[in-house]
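Structural overview
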Amino acid sequence: MKQPELGKRLADLRQQKNLTQEELVEACNVSVRTIQRIESGEVTPRVSTVKILLSALDADFDSFKETISPSKSDKYLQSTESWLQAAWISGIVYFVLGFLDAVLEYERFENLYEVDSIGFFVSVKLAYFLSYAIFIVGLIKLGDYFSNYLLKITGFLMIGLFAIITFFDIFSIFYPISDTNLLSLGAGESICVGAAGIVFGVALMRLQDGMGQLAKIAGITEIIAGFFFVVVILFLLGYLMLIPATIIEIILLFKGLEFIKSERLKA
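Being a predicted model, the structure only gives us computed values, none of them experimental.

Focus on the overall build of the protein chain
Per the secondary structure count, the protein chain includes 12 helices and zero strands. Mapped in sequence order, the helices and strands of the protein chain form the string α-α-α-α-α-α-α-α-α-α-α-α. In terms of principal-axis extent, the alpha carbons of the protein chain reach across some 70 × 35 × 20 Å. Counting only residues that meet the buried cut, the protein chain has 44% of its 267 residues in that class. Put simply, of all contacts in the protein chain between residues at least 6 apart along the chain, 74% involve residues at least 24 apart.

What to know about the packing of aromatic side chains
Scanning the model with the defined rule gives 16 aromatic pairs in all. Residues Trp 88 and Phe 254 carry aromatic rings whose centres are separated by 5.1 Å and whose planes lie at 80° to one another, so their mutual orientation is edge-to-face. One end of the pair, Trp 88, is in helix H6 (residues 74-110); the other, Phe 254, is in helix H12 (residues 235-266), with 166 residues separating them in the sequence. You can call Trp 88 buried: its relative accessible area is 19%. The partly exposed category is assigned to Phe 254, whose relative accessible area is 38%. Taking the centre distance of 5.3 Å and the plane angle of 70° together, the rings of Tyr 128 and Phe 162 count as edge-to-face. With Tyr 128 in helix H7 (residues 118-145) and Phe 162 in helix H8 (residues 149-174), this residue pair connects regions lying 34 residues apart in the sequence. Classification of Tyr 128 as buried rests on a relative accessible area of 12%. Site record: aromatic cluster; members linked through ring pairs are Tyr 94, Tyr 128, Phe 129, Tyr 132, Phe 135 and Phe 162.

Here we look at the side chain of Glu 222
Inspection of the secondary structure puts Glu 222 in helix H11 (residues 213-231). The contact partners of Glu 222, leaving out residues within four places of it in the chain, are Gly 197, Phe 200, Gly 201, Leu 204, Leu 242, Ala 245 and Glu 249.

Considering unusual backbone geometry
For Asp 58, which is not a glycine, the phi torsion comes out positive at approximately 55°. Its location among the elements puts Asp 58 in the loop between helix H4 (47-56) and helix H5 (61-66). Among the residues examined, Asp 58 registers a relative accessible area of 66% and is labelled exposed. One non-glycine residue, Ser 147, lies in positive phi territory at about 55°.

Section: the packing of H7 against H8
Axis separation between H7 and H8 bottoms out at 9 Å; the angle between their running directions is 175°. Relative to H8, H7 is oriented roughly antiparallel. Its residues assigned to classes, the contact of H7 with H8 comprises 21 nonpolar, three polar and four charged.

Some words on H4
Taken as a whole, H4 has its buried residues at Val 47, Thr 49, Val 50, Leu 53, Leu 54 and Ala 56. Positioned one or two residues after H4, Asp 58 has a phi angle of 55°, which is positive.

A word on the pattern of salt bridges
As enumerated under the stated definition, the model contains nine salt bridges in all. Ionic pairing is found between Glu 42 and Arg 33, a salt bridge with its closest N-O pair at 3.8 Å. A relative accessible area of 45% means that Arg 33 is categorised as partly exposed. For Lys 125, the salt bridge goes to Asp 101, with nearest N and O atoms at 2.7 Å. In this pair, Lys 125 is assigned in helix H7 and Asp 101 in helix H6, connecting sequence segments 24 residues apart. Relative accessible area serves as the criterion here: at 4%, Lys 125 is assigned to the buried category.

Thoughts on the side chain of Thr 246
Inspection of the secondary structure puts Thr 246 in helix H12. With sequence-adjacent residues up to four places away left out, Thr 246 is seen in contact with Gly 91, Tyr 94, Phe 95 and Phe 135.

Procedures and definitions
Residues numbered from 1 in each chain as written. Predicted model: local features only at pLDDT ≥ 70, side-chain atom pairs only at ≥ 80, totals over all residues. Heavy atoms only, no water. Helix = DSSP H or I, 4+ residues; strand = E, 2+ residues; numbered from the N terminus. Buried < 20%, exposed > 50% of the residue type's maximum accessible area, 1.4 Å probe, protein only. Contact = heavy atoms within 4.5 Å. Phe/Tyr/Trp six-rings, centres within 6.5 Å; stacked < 30°, edge-to-face > 60°. Axes fitted to C-alpha atoms, helices over the stretch in contact; angles between N-to-C directions. Parallel < 35°, antiparallel > 145°, perpendicular 65-115°, else oblique. Nonpolar A, V, L, I, M, F, W, Y, C, P; charged D, E, K, R; others polar. Salt bridge = Lys/Arg side-chain N within 4 Å of Asp/Glu carboxyl O.

And the structure:
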């Protein structure tokens, strides 16, 4: 169902019943913050949440749904479903390639930033970036569906940062950088990635109303990882935190795929 029309209709229905948001909370056990965000059009709630609110307002779901224009076209849902399908699979590829990338970076460090096979190194880096980009686009698509504009913006920001890092890694193979400059650039990279990761985590938490507690957990792990990166000297802990964060986000994408499939059946 479409926002902000959905939120406005729910607010009108609540006011017709002469109920405050706090009184509605007591009747349905949905937090006042969630009700505020739904009524303001900030988030698109799950169908189950709408049904709970309507039950508390003594309203019929099917009748109410008829008063709301269809939220998404079948073509839009098909496109979103395709992206989510590709995204969770790409997330697995990205997760696996992350370990290979770590090995390559370690070997490069041990060999004073020289690599045995430039072609293999570049291929892995490009595949790593591509799988990450598709993975994040899936989360951006979820953000678009649930009107989570912060997730859309920070998702593209994360892809942009990863592209810069990938370019730098490849560039440094052909044009070696001094240790001093390398340390300075590495610290700057860690801070930028960490700051963006914290905002990205906040954006993921905003999916909670649509995708449940899993989105909240994903957001919290991203925020913790981001904090470690910002501190710089704890960046290795940041990389470790990205392991559970990535796993949770892959599951979140798969769950989102199932949700979109169910929405298509209802449309």
